[in-house]
Amino acid sequence: MSTPAPAGARVTDIELAIGGMTCASCANRIERKLNKLAGVTATVNYATEKARVNAPEGVDPATLVAQVEAAGYRAELPKPPATEARGAESSEGATDSASDPTRALRQRLVTSVVLAVPVIALAMIPALQFTYWQWISLALAGPVVTWAAWPFHRAAWANLRHGAATMDTLISMGVLAAFAWSLYALLFGTAGVPGMVHPFELTIAPSDGAGNIYLEVAAGVTTFILAGRYFEARSKRLAGAALRALLELGAKDVAVIRGGVETRIPTDQLAVDDRFIVRPGEKIATDGVVEEGSSAVDASMLTGESVPVEVRPGDIVVGATVNAGGRLVVRATRVGTDTQLAQMARLVEDAQNGKAQVQRLADRISGVFVPIVIALAATTLGFWLGTGAGAAAAFTAAVAVLIIACPCALGLATPTALLVGTGRGAQLGILIKGPEVLESTRRVDTIVLDKTGTVTTGQMSLVAIHIDPSHVAEGVDEDEVLRLAGAVENASEHPIATAVARGARDRIGTLPDVEEFTNVEGLGVQGVVDGRALLVGRAALLEQWSQPLTPELEAAKAAAEARGHTAIAVAWDGAARAVLVVADTVKATSAQAIAQLRDLGLTPVLLTGDNAAVARTVADQVGIDEVIAEVLPADKVDVVRRLQDQGKIVAMVGDGVNDAAALAQADLGLAMGTGTDVAIEASDVTLVRGDLRAAADAIRLSRRTLATIKGNLFWAFAYNIAALPLAATGLLNPMIAGAAMAFSSAFVVANSLRLRRFRSLSQEQPVAPAGAGHQTTHELATIRG
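What you see is a predicted model; the values in this text were computed from it and never measured. (Residues numbered from 1 in each chain as written. Predicted model: local features only at pLDDT ≥ 70, side-chain atom pairs only at ≥ 80, totals over all residues. Heavy atoms only, no water.)

### Description of the UniProt feature "transmembrane region" (unreviewed entry) in the protein
- Mapped onto the present numbering, the UniProt feature "transmembrane region" (unreviewed entry) falls on residues 109–126, 132–150, 170–193, 213–231, 365–385, 391–414, 712–729 and 735–753.
- With 89% helix and 0% strand, the stretch residues 132–150 has end C-alpha atoms that lie 27 Å from each other. (UniProt positions renumbered as here; feature names shortened; annotations may be inferred. Helix = DSSP H or I, 4+ residues; strand = E, 2+ residues; numbered from the N terminus.)

Right under this line is the structure:
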């Protein structure tokens, strides 16, 4: 428990990078050590290898580092992101080892596999046991047991110094016991004599152990456990990638105006009140206020709004959003860590640090299993010595307990199921990041769905045309409206204009040229096509030219806007002719996906930054009852947290930067692969295809994989528990132990391979169009976004 800070004392946040942790219990140990300091409250995240410390303002960070090192781990203050980036650029030749912390583990694994395979083959196949084969096995197993298994020995020693026992303790003791006894039997027993063989006999009989070697156990266990640790390390390495992706999302350089001269500088050199230029298609460098120009800004990745926001002098703009229209001059109001992008990065990190880390099943079991095995080995040694059986027989029985208790199949239980399950998932467009993800899927009961880009396409499309009936007799039809309006809109860079032009081209093909084109700021466009003067845009634009909408078109416009769609008025030859409707359309597979999620026992919730009318329309089309609309990125985190406080286990599906923190906060985060890198990195599962039905497949596959891992773990421990009495009574034949381990491992692999038969529900069910009844009679069925 931490000692509270003195009343009125100012508190500061300090972040430490932690090294040397091997399991979740290490994080707990460091937390307890830090919290012993006066006024300090610390949380340690095993996944990101960071400690977040709230300490009184005068506390020296060196004191915190020393406290962590006193617990047996490493700690340092992390470098600023900009420093890290420049360091990476200046030392590209050294990036392999610096940027890939799994490289050393991979080298140990590869070496271990190369050396351990012949050792296991020689021990398990009598036909291969040539003269002096046991000495060759010793030479091959030596580097595996010492160098390759060094991380286990080091962790076991650190745990021993602090009075703790983990799976590392059991692995180290079992490997060293098997190797030490094999060395004793070779040097001082009969195992080293020429022509010694391990006959394939499944008999139960007492033995003094002097003629038995267990090198295949020592080398095999090391290799299998290293494989599991390597794949675990790879998934853990991705935990901090969300923050790196956020920092890389903004503009890299900016055209700043200083002394009346335009100069391009790196973004991190911008200062508050600097004036900078943003051209069409460029990212806005930092948060600021528009001073000159007007444009449409695509802020969907930050706000979730599918419709670009019109900005003009005096409006606030946010860094990393995209200027989709005209030239802007912006005055910087916030830079560096004060920007909204940086605040979102902190949101992601806070959500990750506050997310409960699921302790692995093997670690939980080992918390009870390891002390029992060690006590049983000591009891066995004492019992046989007390009965006068002799030191050799007593030590053989005690060592046999440790050897049979070291679960060979445990090294395969999680990685094989994970590899097969994730491999099958990759074939189906589902990327599962690691074993800690799987437990969440079993308990999830609520799934929160972002709207834009997840349930919908995330792209504006032309969905309907409404023509004034009084003009139909004049030969005005949908094709004519599209041909003329599309030609004018084709000359504009505005995203809504792009949607109209694309829809027109898809339906009628080549569009005519436009003359005298003019962009009217904030209202629309005008031009001349085939001798006709056209106005396309807001109703206010038509009213300026005394061409108001007729009652029929006004009703169509109001109906479209009530559904959250965007209505575009079209007029020519002095009269309003039609209203075009543009909207972010629902994906064809979304309704089917929602039905599949309900079948899995999940309650869907639609969460969006869009307005309530848009959200309700989309929800009705796909079959969602609960809707939460008009939320900011920070609010999305709060919504997920509120659901969790209500006792719900929450899954979140999203695709934008605005979803990243909520994805990290959720018990299970699923990112659409068609979305931003930030969302993908902050999530637990990535849906490569961008098809929401993959979310249901991902949960089904994750649950199936978790069940397989549990079955594997049960078998990995079951045969050990069954064989322990034989070992304790001195009746353990080495071939029984070897055969049991081989059979257990083969069973684990075969059980895992069953996951290859997993099938996606979307492969078996046809796609039905969603929400057809919600469009007007003039819906453009032939138009595709």
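There is more to say, and it comes next.
### Section: the pattern of salt bridges
- If you walk through the whole model with that rule in mind, you get 25 salt bridges.
- The partner of Arg-483 in a salt bridge is Glu-480, with the nearest N and O atoms 3.6 Å apart. Of the two residues, Arg-483 and Glu-480 are both situated in helix α18 (residues 478–489); the distance of three residues between them amounts to about one turn of the helix.
- A relative accessible area of 26% places Arg-483 in the partly exposed class.
- Owing to a relative accessible area of 18%, Glu-480 belongs among the buried residues under this scheme.
- In this structure, Asp-620 engages Arg-616 in a salt bridge whose closest nitrogen and oxygen atoms are separated by 3.2 Å. Linking Asp-620 with Arg-616, this pair stays in helix α23 (residues 612–622), spanning four residues, or about one helical turn.
- Among the residues examined, Arg-616 registers a relative accessible area of 31% and is labelled partly exposed. (Salt bridge = Lys/Arg side-chain N within 4 Å of Asp/Glu carboxyl O. Buried < 20%, exposed > 50% of the residue type's maximum accessible area, 1.4 Å probe, protein only.)

### With respect to the layout of surface pockets
- Space inside the second largest pocket adds up to approximately 880 Å³.
- Taken together, 43 residues line the second largest pocket, and the ones lying closest to its centre are Glu-310, His-494, Ile-496, Gly-522 and Arg-538.
- For the lining of the second largest pocket, the secondary-structure elements that each account for two or more residues are β9 (295–298), β10 (309–311), α19 (495–508), β17 (515–520), β18 (524–529), β19 (532–537), α21 (551–562) and β20 (566–572).
- Its residues assigned to classes, the lining of the second largest pocket shows 17 nonpolar, 16 polar and 10 charged. (1 Å grid on protein atoms, 1.4 Å probe; cavity = no way out; pocket = protein on both sides within 12 Å on 5 of 7 lines; lining within 4 Å. Points joined across faces, edges and corners; volume = space filled by probe spheres on them. Nonpolar A, V, L, I, M, F, W, Y, C, P; charged D, E, K, R; others polar.)

### Topic: the packing of aromatic side chains
- Under the definition given, this model contains three aromatic pairs.
- Relative to Phe-188, the ring of Tyr-184 has its centre 5.9 Å away and its plane inclined at 35°; by these criteria the two rings are tilted. Here Tyr-184 pairs with Phe-188, and both are found in helix α8 (residues 167–188), just four residues apart, close to one helical turn.
- On the basis of relative accessible area, Phe-188 is assigned to the exposed category, the value being 63%.
- Plain terms: the ring middles of Phe-383 and Trp-384 are 5.5 Å apart, the flat faces sit at 80° to each other, and that makes the pair edge-to-face. (Phe/Tyr/Trp six-rings, centres within 6.5 Å; stacked < 30°, edge-to-face > 60°.)

### Quick word on the nonpolar core
- Membership of the largest hydrophobic core comes to 51 residues, with the highest contact counts inside it found for Ile-213, Leu-215 and Val-401.
- Where this core is concerned, the elements lending two or more residues are α5 (103–124), α6 (133–148), α8, α9 (215–237), α13 (361–386), α14 (391–405) and α27 (693–728).
- Sequence-distant contacts of Ile-213, defined by excluding residues within four places in its chain, comprise Trp-133, Gln-134, Ser-182, Ala-185, Leu-186, Ala-191, Met-196 and His-198.
- Of all hydrophobic cores here, the second largest spans 45 residues; its members include Leu-418, Val-622, Ala-651 and Ile-699. (Core = buried A, V, L, I, M, F, W, Y, C linked by side-chain atoms within 4.5 Å. Contact = heavy atoms within 4.5 Å.)

### Some details on the packing of α6 against helix α7 (residues 150–161)
- The N-to-C vectors of α6 and α7 enclose an angle of 45°; their axes lie 5 Å apart at closest approach. Classified by the interaxial angle, the pair formed by α6 and α7 is oblique. Residue-level inspection shows Val-145, Thr-146, Trp-147 and Ala-148 of α6 in contact with α7, the latter providing Trp-150, Pro-151 and His-153.
- Its residues assigned to classes, the contact of α6 with α7 comprises five nonpolar, two polar and no charged. (Axes fitted to C-alpha atoms, helices over the stretch in contact; angles between N-to-C directions. Parallel < 35°, antiparallel > 145°, perpendicular 65-115°, else oblique.)

### A word on the pairing of strand β5 (residues 253–258)
- Pairing between β5 and strand β6 (residues 261–266): six bridges, direction antiparallel. Counted as the bridge partner of Ile-257 is Glu-262 from β6.
- Between β5 and β6, which follow one another and run antiparallel, lie two residues, and Gly-259 among them has a positive phi close to 65°.
- The pairing of β5 with strand β7 (residues 275–278) spans three bridges and is antiparallel. The residue bridging Ile-257 from the neighbouring strand is Arg-275, located in β7. (Pairing = 2+ DSSP bridges.)

### Quick notes on the sheet that holds strand β21 (residues 575–586)
- As summarised here, the arrangement of the six strands in space is β16-β21-β20-β19-β18-β17, forming an open sheet in which the pairing is antiparallel. Two strands in the sheet have a free side with no partner beyond their single neighbour: β16 (456–467) and β17. In this sheet, adjacent strand axes meet at a mean angle of 20° when their direction is disregarded.
- Here seven bridges tie β20 to β21, and the two strands are oriented antiparallel to one another. Its bridge partner being in β21, Ala-567 is matched across the sheet by Val-581.

### A word on α21
- Its 12 residues place the ends of α21 16 Å apart at the C-alpha level, agreeing with the 16 Å of an ideal helix rising 1.5 Å per residue.
- Those residues of α21 not exposed but buried are Leu-553, Ala-556, Lys-557 and Ala-560. All buried residues of α21 project into a common sector of 100° when viewed along the axis, lining one side. Residues of α21 that are exposed and point over 90 degrees away from its buried face: Pro-551 and Ala-562.
- Residues of α21 that are buried sit in contact with β16, α20 (539–544), β20 and β21.
- Positive backbone phi, approximately 85°, marks Gly-564, located one or two places after α21. (Expected span 1.5 Å × (residues − 1). Arc of directions from axis to C-beta.)

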